[in-house]
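# Coordinate inspection notes
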Amino acid sequence: MTTPHDTSAQTAQRIDAMEMTKHRRTPAPDTPQTRAYIRLLEEVSNFQHALVQANPTAEASDELIAKLASVRETLEQAAVPEAERLYARGELSGGEMQVLMPPLTVEHVDDHEFRAHTVAGEFAMGMNQAMHGGVVSVLFDTAMGRLAMGTEMLSARTVYLTTQYRNITPIGERLDLTATVDTVEGRKKFISGQLWHGDTLCAEADSLFVAVKPGQQ
Ligand SMILES: CCCCCCCCCCCC(=O)SCCNC(=O)CCNC(=O)[C@H](O)C(C)(C)COP(=O)(O)OP(=O)(O)OC[C@H]1O[C@@H](n2cnc3c(N)ncnc32)[C@H](O)[C@@H]1OP(=O)(O)O
């Protein structure tokens, strides 16, 4: 489904999954354009946190809508196909190059173990200063998906991801995310993970990732 202002009909691409993974995992070149784009994403993220905390007046909302429409038009004029985009590029595509989830700072990743930490802002909140459960799951999917890719950067896809919520996951506090490959069977990797706030286990997850075959989308 497209919205009236969605340019995806012009820029959507479906190519071989391995080709797209190769593009995504190749870091964007360190240029003034890339550095400016990262600053833009940081500002968008700051905007999201401010948006959910504000009760603007009707007049202020109308003013913001006009400004945002102008900003959106500028972006639409710069739209490019997926395989050319800066967004979500590089090893740290769960990090500063995206706005889907709280940015993950990766500490370690190899073929067996993944460790990262994050601090989530208010945009990630469900309510009462607790992280939305779906955001917890997207953090697991990203961490475990990155681990499934391993050092060879395979293209792997989530077959299932089961999250158990043990304690609330606080907003605005450091969270530590770990994942481990438990079993490898051919294309299949069974991976488990934990999300910690200090010594408190906030959530844990079990998943199966399958490496895609050549020619799969
Ligand atoms: C911080 C930086 C991060 C940066 C890195 C960021 C990484 C982000 C990663 C995000 C990953 C995603 O969210 S991916 C998006 C969410 N996932 C999807 O959309 C996947 C949709 N499904 C598919 O495309 C397909 O089902 C595939 C490609 C996954 C598998 O299809 P296939 O290739 O035809 O394989 P198929 O034969 O069906 O299954 C393969 C094997 O798995 C088994 N299998 C299949 N389903 C199940 C099941 N529910 N439970 C147990 N086992 C199952 C089969 O029996 C078989 O075993 P055997 O007979 O071989 O033993």
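The preceding data block contains the structure.
Below, the structure is looked at part by part. (Residues numbered from 1 in each chain as written. Predicted model: local features only at pLDDT ≥ 70, side-chain atom pairs only at ≥ 80, totals over all residues. Heavy atoms only, no water.)

## Brief notes about the site of the ligand
This is how it is decided: Nearness here has a simple test: a residue counts as near a molecule or strand if at least one of its heavy atoms is within 4 Å of that partner. Under the rule applied, a polar contact is a pair of N or O atoms within 3.5 Å (in protein, one hydrogen donor and one hydrogen acceptor; residues adjacent in sequence only if both atoms are side-chain atoms). In this description, accessible areas are obtained by the Shrake-Rupley approach with a 1.4 Å probe, and a residue is regarded as covered only by the protein chains that are shown. Counting from the N terminus, the helices are DSSP H or I runs at least four residues long and the strands are E runs at least two residues long.
What surrounds the ligand is a group of 19 residues, the closest being Asp141, Thr158, Arg187, Lys188 and Gln216. Contact distances for the ligand include 2.6 Å between an oxygen atom and a side-chain N or O atom of Asp141. Within the contact set of the ligand, an oxygen atom lies 2.9 Å away from a side-chain nitrogen or oxygen of Lys188. About the coverage of the ligand: the protein hides 54% of its 1300 Å² of free accessible area. Broken down by element, the residue count for the shell around the ligand peaks at five residues, all from helix α5 (residues 133-149).

## Describing the side chain of Ser137
Note the following rule: For every residue, the accessible area obtained with a 1.4 Å probe (protein chains only) is divided by the maximum for its type, and the residue is called buried under 20%, exposed over 50%, and partly exposed between those limits. Throughout, a residue-residue contact means that at least one pair of heavy atoms, one from each residue, lies within 4.5 Å.
Structurally, Ser137 is set in helix α5. Classification of Ser137 by relative accessible area gives buried; the value is 17%. For Ser137, the side chain forms a polar contact with the side chain of Thr163, separated by 3.0 Å. The residues contacting Ser137, other than those within four sequence positions of it, are Leu161, Thr163 and Tyr165.

## A few points about the pairing of strand β2 (residues 113-119)
Sheet faces and side chains relate simply in a regular strand, where the side chains alternate between the two faces. Which entries qualify depends on this criterion: At least two bridges found by DSSP between two strands are what make those strands a pair.
Pairing of strand β1 (residues 105-109) with β2 involves four bridges; the strand directions are antiparallel. By the bridge assignment, Val106 is partnered in β2 with Ala116. In sequence, β1 turns back onto β2 through a hairpin of three residues. Sheet topology note: the β2/strand β6 (residues 174-185) ladder contains seven bridges and is antiparallel. When the bridges of β6 are listed, His117 appears paired with Asp176.

Shape is all these values report; function is a separate question.
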